[in-house]
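# Structural overview
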Amino acid sequence: MKFISRKHVTLLVMSLLLVSSSYQAKAQQGFVHESSTEYQWPEEKGVLKKLDAWQDQKFGVLFHWGLYSIPGIVESWSICSEDVDWIPRDSTIAYEDYKRDYYNLIHKFNPTEFNPDQWAEIAKAAGMKYMIFTTKHHDGFNLFDTKQTDFSVMNSAFKDNARANVAKYVFDAFRKKDFMIGAYFSKPDWHSEYYWWPRYATPNRNVNYKIERHPERWESFQKFTYNQIEELMSGYGSFDILWLDGGWVAAPRQDIKMDSIAKMARSHQPDLLIVDRTIHGKYENYLTPERAIPDKQLPFPWESCITLSSDWGWVPNAKFKSANDVIALLVEVTAKGGSLLLGVGPTPTGIIEPEVERILREIGGWLKVNGEGIYNTRITPVYHASNVWFSASKDGSKLYAHYIPSKDTDMPDTIEWENNIPAKNSSVLLLKTGEKLKWSRNGNKIKVNLSRKAKQLNEPLVFVFNIEKK
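Treat the numbers as computed from the prediction; the structure is a model and nothing was measured.

## Digging into the environment of S186
Note that S186 resides in strand β3 (residues 180–186). With relative accessibility at 0%, the residue S186 sits in the buried group. Residues in contact with S186, not counting those within four places in the same chain, are K136, H137, H138 and D245.

Dropping the structure here:
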């Protein structure tokens, strides 16, 4: 790779900062992976056991962090030559020059405040239970000490820092807080000459040469990918999840030999959950609908990956979802049988910014009181009625009714729903206050009277009760 002057890199950062402001308005229209519509249950008993444990967690965090964080733009995609309006690029710079300038951001990657312990402490306080960290996105910049390429954090401006091998320190920090640990890894690698061969143009996200004409080059990419995943799986401690992105890299056209990769990965990490996103089959151990929640309950493991702002990575002047917005998403996802993976982008300096911290801690405060209705729960057949969502204890003996108040309206005097009948002469308990609330039944309709204290709460409410046995 031919590197150009740092002056050009500085100019690129300035131009990207200007582009990022217009990008933010379009971010919600960005590339979204289509979710699989089928599911194949794993056959391995250990994998099934870990999958069940993962389904207990319900709430996780996904960190996107890399070169794109420096100017605060959409992760990696600006170097992809696809003609869509959500990919920002300075039109005054020739495409090949732009790519070179982007890659030279490696000389600007210097997160001097990098503090993975802060990330882990805040995520713990938020009530999150599992984490996914982006070890490499599509641009090919590695946040771990890979021996397969020099395009890594170990050759960045951060290379002399004691914590230069950032993935190691991120994973270690979260293990200390008892998180389930996941590694995000991009199957496509736009920096690798075995994927985007410099001999040809790069018109889209796909490999830019005909594999059937150059099989030896694709074999080199297969080996490159295998070796990088083995580096992660064998040299960075224990993992629960290998989260593979870039679903267009798959058999038959772009076959990276997933059987071989999975066998190797599980030899180092027994019972590893493998999430080969959007590739239906034995290596998509749970589904990952992106930026959306399924319309209905799904009878198999899944997670909605949704951003806290409109972007996966850090962008300047971002607008964030409120704590109550995230709680409402978490409640709906839980009632439909999934988990919520919330996208958080650390700043270019390497910390979680104060506004994000405030929101996450507020979510955690709610979960500290109401988490019984979220964690370790499972679906119940009648799961939604108006503003009320339902989840069930794992043994099915108790139901949780989650009331999501309407925005900008006062709390009602009563909460009502049909079916999900409390047991006769039993109590309906409000988790927030510990109060036993008065309730009545009229046929299959239930009415719960809110106390004065309950009506003063400006947040989702969770009621727990024993169900009537049929």
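## Some points on the pattern of salt bridges
One pass over the full model with this rule turns up 26 salt bridges. The residue D56 makes a salt bridge to K394 at a minimum N-O spacing of 3.0 Å. Remark: K394 occurs in the loop between β10 (388–393) and β11 (398–403) and D56 occurs in helix α2 (residues 45–57); sequence separation between them is 338 residues. Judged by relative accessible area, D56 falls into the buried class, the value being 12%. You can call K394 partly exposed: its relative accessible area is 41%. With a closest N to O distance of 3.5 Å, K99 and E96 form a salt bridge. Highlighted residues: K99 and E96, both in helix α3 (residues 95–103), separated by 3 residues, approximately one helical turn. We classify K99 as buried; its relative accessible area is 8%. The partly exposed category is assigned to E96, whose relative accessible area is 37%.

## Let's talk about the pairing of strand β16 (residues 445–449)
Side chains of β16 alternate between two faces, with I446 and V448 buried and K445, K447 and N449 left unburied. In terms of strand pairing, strand β12 (residues 414–418) meets β16 through 5 bridges, oriented antiparallel. Among the inter-strand pairings, E416 is bridged to a residue of β16, identified as K447. Taken together, the 4 bridges between strand β15 (residues 439–442) and β16 define a ladder with antiparallel strand orientation. Bridge pairing in β16 links S440 to K447. The antiparallel pairing of β15 with β16 creates a hairpin that spans 2 residues between the two strands, and G443 there sits at a positive phi of about 70 degrees.

## So, the packing of aromatic side chains
Applying the stated rule across the entire model yields 33 aromatic pairs. Between the aromatic rings of W197 and Y200, the centroid separation amounts to 5.5 Å while the plane-to-plane angle is 90 degrees, which identifies the pairing as edge-to-face. Y200 sits in the partly exposed class, given a relative accessible area of 34%. With a centroid separation of 5.8 Å and 90 degrees between ring planes, the pair formed by W197 and Y209 is classed as edge-to-face. With W197 in the loop between β3 and α6 (215–235) and Y209 in the loop between β3 and α6, this residue pair connects regions lying 12 residues apart in the sequence.

What counts, and at which threshold
Residues numbered from 1 in each chain as written. Predicted model: local features only at pLDDT ≥ 70, side-chain atom pairs only at ≥ 80, totals over all residues. Heavy atoms only, no water. Helix = DSSP H or I, 4+ residues; strand = E, 2+ residues; numbered from the N terminus. Buried < 20%, exposed > 50% of the residue type's maximum accessible area, 1.4 Å probe, protein only. Contact = heavy atoms within 4.5 Å. Salt bridge = Lys/Arg side-chain N within 4 Å of Asp/Glu carboxyl O. Pairing = 2+ DSSP bridges. Phe/Tyr/Trp six-rings, centres within 6.5 Å; stacked < 30°, edge-to-face > 60°.

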